[in-house]
Structures are given as structure tokens and as C-alpha cells.
Amino acid sequence: MQHRPFILLIGEQNYKKTLFMETLEEVNKRTVYLDSLRYSINLKYQAASLKAILQYPETFSASMNLASKLYKEQSMSSLMAIDSLNKQNMNFSELENIQNEEKQHFKKMMEHFFEILGSRRNEQWMSNIIPMIHEDSSLIAVGAAHLIGPDGLIAKLRDRGYMVEPMR
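Residues numbered from 1 in each chain as written. Predicted model: local features only at pLDDT ≥ 70, side-chain atom pairs only at ≥ 80, totals over all residues. Heavy atoms only, no water.

J.: Would you explain the overall build of the chain in this entry?
T.: Of the regular secondary structure elements, the chain holds seven helices and zero strands. In the chain, the succession of α and β elements from N to C terminus is α-α-α-α-α-α-α. Here the chain, with 168 residues, has 24% of them falling under the buried criterion. Contacts in the chain between residues far apart in sequence, at least 24 positions, make up 69% of those at least 6 positions apart. Per element, the accessible surface of the chain, about 12700 Å² overall, is 57% carbon and sulfur. (Helix = DSSP H or I, 4+ residues; strand = E, 2+ residues; numbered from the N terminus. Buried < 20%, exposed > 50% of the residue type's maximum accessible area, 1.4 Å probe, protein only. Contact = heavy atoms within 4.5 Å. Areas by Shrake-Rupley, 256 points an atom, 1.4 Å probe, with all protein chains shown as cover.)

This is the structure:
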């Protein structure tokens, strides 16, 4: 038997049509594009980043636990604040051995990745979501990061006049 994600299995058992937000070809194109950018991160920078994570694992764990807690509580405003702070504070000051130009290069790379994997992708998904929700009752399952912020799917739907409310 083929392993199916739980949400797909439930849909199949209830004879629901399954649609995907993007095709494998689109995923492949995006991957090829991101690979083609040939962003390189200095090995010294990678080592310093890893060292910082290993020295302060509780900081990383606490951040992930807080995000998970806020998501479960449906505290979107708090999640948006954390997301905004994370994007603004990409100065990596704890990596004192790394030259400023390398930090700036990494920051630009991360900003571009956020744009490609987040805001641009969400906008492309909107062209699938709008017809889908008009056709039938819909469940749209995406990663939590696609929901928050001014470029998130919730804001995009509200900007287009849709009422979006959390379900419990």
C-alpha cells in the first residue's frame, strides 16, 4: 500500500477531489531557478552559524516552541510580529568572526529566498485558490508561514474582499 499523508487519506475516504497548489513541474522550475542563482555561503560563515546554533540550542528550541504555541493558539498577530522581527534582524551579530560583506550577502540571499518561496509563491497560489473556493467547499492546507504577514494568504484573501476566520 502506498503511504499517503493523513489529510489526503481522509479526503479520499470521503470521496473529495484533491487539487494541489502547484505542479511538480512548477516546483522543479523554482528549484532549478534557486539553484541557478549560485549563491555561495563562505564555509567560514557556515561553520560560525553551526557553532552558534550548537552553543545555544535552547535559543533555537525556544523560538520554535514559541512559534508552535502561538500557531496552535491562532495568535496570528503575534506570529506576524515574530516573522517581521526575524526578517528585520538578519544581521547575525553573534557571528563576530564573519566580515560584514558576507553577512550582507547572506541577508540578501535570505530576503530573495523569502520572496521566491513566500510572497511570489503565495500570489501564484491565489490564482488556484479563488476558483477553487468558488467551485466547492474547500480545505486549503499550506505551511503556517504561508498564512502570516502582509504577503500571506490570509491577507491576500482579505485584500480581495473575502472574510477569513480561524476554525477550531
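J.: Looking at this model, I keep getting lost on the environment of Leu-153. Mind explaining?
T.: With respect to the helices, strands and loops of the structure, Leu-153 is situated in helix α7 (residues 153-159). Sequence separation between Leu-153 and Val-164 is eleven residues; the distance between their C-alpha atoms is 9.8 Å.

J.: Which parts of the structure should I look at to understand the environment of Met-126?
T.: Checked against the element boundaries, Met-126 lands in helix α6 (residues 100-135). What makes Met-126 buried here is its relative accessible area of 2%. For Met-126, the contacting residues outside a window of four places in its chain are Pro-131, Leu-153, Lys-156, Leu-157 and Arg-160.

J.: Would you mind going over the pattern of salt bridges with me for this structure?
T.: A side chain of one charge can pair with a side chain of the opposite charge when the charged atoms of the two come close. Taken as a whole, this structure holds six salt bridges when the rule is applied. With its nearest N and O atoms 2.8 Å apart, the salt bridge here joins Glu-115 to Arg-120. With relative accessibility at 31%, the residue Glu-115 sits in the partly exposed group. Overlapping salt bridges, with partners in common, bring together Glu-22, Arg-30 and Arg-121 in one network. (Salt bridge = Lys/Arg side-chain N within 4 Å of Asp/Glu carboxyl O.)

J.: Looking at this model, I keep getting lost on the nonpolar core. Mind explaining?
T.: One broad rule of soluble globular proteins: the nonpolar side chains tend to lie buried together. Core analysis: the largest hydrophobic core is formed by seven residues, namely Met-21, Trp-125, Met-126, Ile-129, Met-132, Leu-153 and Leu-157. Going through the elements one at a time, α6 and α7 are the ones with two or more residues in this core. Beyond its immediate stretch of four places on either side in the chain, Trp-125 contacts Met-21, Glu-22, Val-142, His-146 and Leu-153. (Core = buried A, V, L, I, M, F, W, Y, C linked by side-chain atoms within 4.5 Å.)

J.: Any chance you could explain the side chain of Arg-121 here in plain terms?
T.: Position of Arg-121 among the secondary structure elements: in helix α6. The exposure class assigned to Arg-121 is buried, which follows from its relative accessible area of 16%. Beyond its immediate sequence surroundings of up to four residues, Arg-121 is in contact with Glu-22, Arg-30, Glu-115, Ile-116 and His-146.

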